[in-house]
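Each chain, written out:
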Amino acid sequence: RECLGNLVFGEEDDELQDAVVRLLRRRKKTLATAEWGTAGLLAQWLGGVDAAVGHYLGGLVVGSETCLVNLLGTQTGLTAGNPPTGGDFAEAMAAGCRRLFGADYAVAVGRFPESDPAAADPEPVFFALAGPDGASVERLPYAGHPAWVKILCAKRALNLVRLALLSTPQ
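Participant: Would you mind showing me how to read the overall build of the chain here?
Facilitator: Summing up its helical and strand segments, the chain has 5 helices and 5 strands in all. Along its sequence from the N terminus, the chain presents helices and strands in the succession α-β-α-β-α-α-β-β-β-α. Considering the chain as a whole, with its 170 residues, one finds that 43% of them fall into the buried category. The contacts in the chain between residues at least 6 apart in sequence include a share of 64% that link residues at least 24 apart. Per element, the accessible surface of the chain, about 9100 Å² overall, is 51% carbon and sulfur.

Participant: Got a minute to help me understand the packing of aromatic side chains in this structure?
Facilitator: The geometry of an aromatic ring pair is captured by two quantities: the separation of the ring centres and the angle between the planes. Tallied over the full model, the rule gives 1 aromatic pair. Consider the rings of Phe 112 and Tyr 142, whose centres lie 4.9 Å apart with planes at 45°: the pair is tilted. With Phe 112 in the loop between strand E3 (105-109) and strand E4 (124-131) and Tyr 142 in the loop between strand E5 (134-141) and helix H5 (146-166), this pair connects stretches of sequence that are 30 residues apart. Judged on exposure class, the residue Phe 112 and its partner Tyr 142 are both buried. Stacked on the ring of Trp 45, the Lys or Arg Lys 155 has its end atom at 4.9 Å from the ring centre.

Participant: Would you take a moment to explain the sheet that holds E4 for this structure?
Facilitator: Strands belonging to one sheet form pairs held by backbone hydrogen bonds; the direction of such a pair is parallel or antiparallel. Pairing is mixed across the open sheet formed by 5 strands, whose spatial order is E2-E1-E3-E4-E5. Both outer strands of the open sheet, strand E2 (56-61) and E5, are each paired with one neighbouring strand and no more. Each adjacent strand pair in this sheet contributes to an overall mean axis angle of 15°, direction not counted. With 5 bridges connecting them, strand E1 (residues 31-35) and E2 associate as parallel partners. The partner of Ala 34 across the bridge, within E2, is Leu 60. Across the sheet, helix H4 (residues 87-101) touches E1, E2, E3, E4 and E5, and the angle it forms with E4 is around 35°.

Participant: Even after reading the chapter, I still don't get the packing of helix H3 (residues 65-72) against H4, so can you show me in this structure?
Facilitator: A pair of packed helices is captured by two measures, namely the crossing angle of their axes and the spacing between those axes. Two numbers describe how H3 lies on H4: the axes approach to 10 Å, and their chain directions differ by 45°. In terms of their interaxial angle, H3 and H4 are classed as oblique. Between H3 and H4 lies a crossing of left-handed hand. Where H3 approaches H4, its residues Leu 68, Leu 71 and Leu 72 are matched on the opposing element by Ala 92, Met 93, Gly 96, Cys 97, Arg 99 and Leu 100.

Participant: I keep staring at the side chain of Thr 168 and nothing clicks. Help me out?
Facilitator: In this structure, Thr 168 sits in the segment after H5. Those residues in contact with Thr 168 that sit more than four places away from it in its chain are Arg 27 and Tyr 105.

Participant: Would you mind showing me how to read the pattern of salt bridges here?
Facilitator: Oppositely charged side chains can pair when the atoms bearing their charge come close. Scanning the model with the defined rule gives 3 salt bridges in all. In this structure, Asp 14 and Arg 22 form a salt bridge, with 3.1 Å as the shortest nitrogen-oxygen distance. Accessibility expressed as a relative area gives 27% for Arg 22, which makes it partly exposed. Close ionic contact of Glu 138 with Arg 156 constitutes a salt bridge, the shortest N to O distance being 3.2 Å. Here Arg 156 lies in helix H5 and Glu 138 lies in strand E5, a separation of 18 residues in the sequence. Overall, Glu 138 belongs to the partly exposed group, its relative accessible area being 29%.

Participant: Can you help me understand H5 in this one?
Facilitator: Count 3.6 residues to each turn of an α-helix, and residues three or four apart come out pointing the same way. Over its 21 residues, H5 runs 31 Å from end to end, which matches the ideal 30 Å to within 8%, given 1.5 Å per residue. The complete set of buried residues in H5 reads Val 149, Cys 153, Ala 154, Ala 157, Leu 158, Leu 160, Val 161, Arg 162, Ala 164 and Leu 165. Buried-residue contacts for H5 involve helix H1 (16-27), E1, helix H2 (41-47), E3, E4 and E5.

Rules of the game
Residues numbered from 1 in each chain as written. Predicted model: local features only at pLDDT ≥ 70, side-chain atom pairs only at ≥ 80, totals over all residues. Heavy atoms only, no water. Helix = DSSP H or I, 4+ residues; strand = E, 2+ residues; numbered from the N terminus. Buried < 20%, exposed > 50% of the residue type's maximum accessible area, 1.4 Å probe, protein only. Contact = heavy atoms within 4.5 Å. Areas by Shrake-Rupley, 256 points an atom, 1.4 Å probe, with all protein chains shown as cover. Phe/Tyr/Trp six-rings, centres within 6.5 Å; stacked < 30°, edge-to-face > 60°. Lys NZ or Arg CZ within 6 Å of the ring centre and 35° of its normal. Pairing = 2+ DSSP bridges. Axes fitted to C-alpha atoms, helices over the stretch in contact; angles between N-to-C directions. Parallel < 35°, antiparallel > 145°, perpendicular 65-115°, else oblique. Left-handed = near helix turned anticlockwise from the far one by under 90°. Salt bridge = Lys/Arg side-chain N within 4 Å of Asp/Glu carboxyl O. Expected span 1.5 Å × (residues − 1).

Rendered as structure tokens:
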């Protein structure tokens, strides 16, 4: 454990969502989710943790540019027909979700790019975390077996939340 540091999040049957909920409870914080590429997987996992009541406030699942514009409004600079693929869109999703739910934190998973197995450099998926101190954006190459890529991205988003909560004082 000492060597691995914050790579260890739990023991035995602990899942990443259990660790996130545990940190939310300890720090008396709330979380909301906005998902495009993961199609509600974060909401399903977090909503399945009994202890999440009062700390996981809920999630939004968007599947179109129009839905995203309607959700976030025009103040973000989003317009229908402008493909929301970059980090700025993920950041707008997280900030809009945080505002909508009144949460301490909101994590967003952006739209998955078109898969191109032959590409030398795969297009990225963008993740954003909005919190009391602003927002941060991360990217991950959209590559891997189709059966695992959605799970990998959902876990990446949860870990973004976990690491942020670990860095906040109790």
